Amino acid sequence: IRYLSLALVPLILGWSVYCLFNYKYKSWYSWCISSAANGVYAFGFVLMTPQIFINYKLKSVAHLPWKALMYKAFNTFVDDAFAWIIEMPTAHRLATLR
C-alpha cells in the first residue's frame, strides 16, 4: 500500500493542478472539494488493492461468510444502480465501480 500511495500522491496533486487551470469552478472552495473527492476515490482504490491480491492468490472468496458476501454483493449492486440512474459527477460514477 505504501508504494501505491507514494505513486498516487503526485498523480493526484498533478490532476488537481490540471483541473484548476483547465476546468471552470465557481469558487476555490468548489475546487478544493472536487480535488479532495478525487483524492478519496483514488485512495479508496489503493486500499482495495491488497484484498484483490489476496483473492487472486487464494483463487476464491471462500473465506468470506455467506451472509457477508451476499450483503456486499447487494450493497454493491444498489450503489452501482443508483450511481448510474441519479445525476452526479462522472468521477463519482466511476468510483462506484471499484
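Just so it is clear, the structure is predicted and the values come from calculations on it, not from any experiment.

So, how was this worked out
- Residues numbered from 1 in each chain as written.
- Predicted model: local features only at pLDDT ≥ 70, side-chain atom pairs only at ≥ 80, totals over all residues.
- Heavy atoms only, no water.
- Helix = DSSP H or I, 4+ residues; strand = E, 2+ residues; numbered from the N terminus.
- Rg over C-alpha atoms; globule rule 2.2 N^0.38 Å.
- Axes fitted to C-alpha atoms, helices over the stretch in contact; angles between N-to-C directions.
- Parallel < 35°, antiparallel > 145°, perpendicular 65-115°, else oblique.
- Left-handed = near helix turned anticlockwise from the far one by under 90°.
- Contact = heavy atoms within 4.5 Å.
- Nonpolar A, V, L, I, M, F, W, Y, C, P; charged D, E, K, R; others polar.
- Expected span 1.5 Å × (residues − 1).
- Buried < 20%, exposed > 50% of the residue type's maximum accessible area, 1.4 Å probe, protein only.
- Phe/Tyr/Trp six-rings, centres within 6.5 Å; stacked < 30°, edge-to-face > 60°.
- pLDDT = per-residue confidence, 0-100.
- Bend = angle between axes of the 7 residues up to and from the residue.

1. Some words on the overall build of the chain
Inference 1: A count of helical and extended segments in the chain gives 4 helices and 0 strands.
Inference 2: Reading the chain from its N terminus to its C terminus gives the helix and strand order α-α-α-α.
Inference 3: At 17 Å, the chain has a C-alpha radius of gyration far larger than the 13 Å of a compact globule built from 98 residues.
Inference 4: On the principal axes, the C-alpha backbone points of the chain span a range of 50 × 35 × 15 Å.

2. Considering the packing of helix α1 (residues 2-22) against helix α2 (residues 28-58)
Inference 1: Here α1 crosses α2 at 155 degrees, and the two axes come no closer than 10 Å. It follows from the interaxial angle that α1 and α2 lie roughly antiparallel. Relative to α2, α1 is oriented so that their crossing is right-handed. For the pair α1 and α2, contact is made by L4, S5, L8, V9, I12, W15, S16, C19 and L20 and by W28, W31, S35, N38, G39, A42, F43, V46 and T49, respectively.
Inference 2: Tallied by class, the residues present in the contact of α1 with α2 amount to 12 nonpolar, 6 polar and no charged.

3. Focus on α1
Inference 1: Between its first and last C-alpha, α1 extends 30 Å over 21 residues, near the 30 Å set by a 1.5 Å rise per residue.
Inference 2: Residues of α1 that are buried include every one of S5, L8, I12, S16 and C19, and no others.

4. Focus: the packing of aromatic side chains
Inference 1: As enumerated under the stated definition, the model contains 4 aromatic pairs in all.
Inference 2: Between W28 and W31, the ring centres sit 6.0 Å apart and the planes meet at 90 degrees, which makes this aromatic pair edge-to-face. With a gap of 3 residues between them, W28 and W31 both fall in helix α2, about one helical turn apart.
Inference 3: What makes W28 exposed here is its relative accessible area of 60%.
Inference 4: Chaining the aromatic ring pairs together yields one cluster made of W15, Y18 and Y23.

5. Things to note about the confidence of the model for the chain
Inference 1: The predicted model of the chain has a mean per-residue pLDDT of 79, with 92% of residues at 70 or higher.
Inference 2: Within the chain, the lowest mean pLDDT, 72, falls on helix α4 (residues 90-95), and the highest, 86, falls on α1.

6. Some details on α2
Inference 1: Given a rise of 1.5 Å per residue, 31 residues ought to cover 45 Å, and the 46 Å separating the end C-alpha atoms of α2 matches this to within 8%.
Inference 2: Most pronounced at M48, the bend in α2 amounts to some 30 degrees, and the proline P50 follows within four residues.
Inference 3: Those residues of α2 not exposed but buried are W31, S35, N38, G39, A42, G44 and V46.
Inference 4: Contacts made by the buried residues of α2 are with α1 and α4.
Inference 5: Count one or two residues on from α2 and you reach K59, which has phi positive near 60 degrees.

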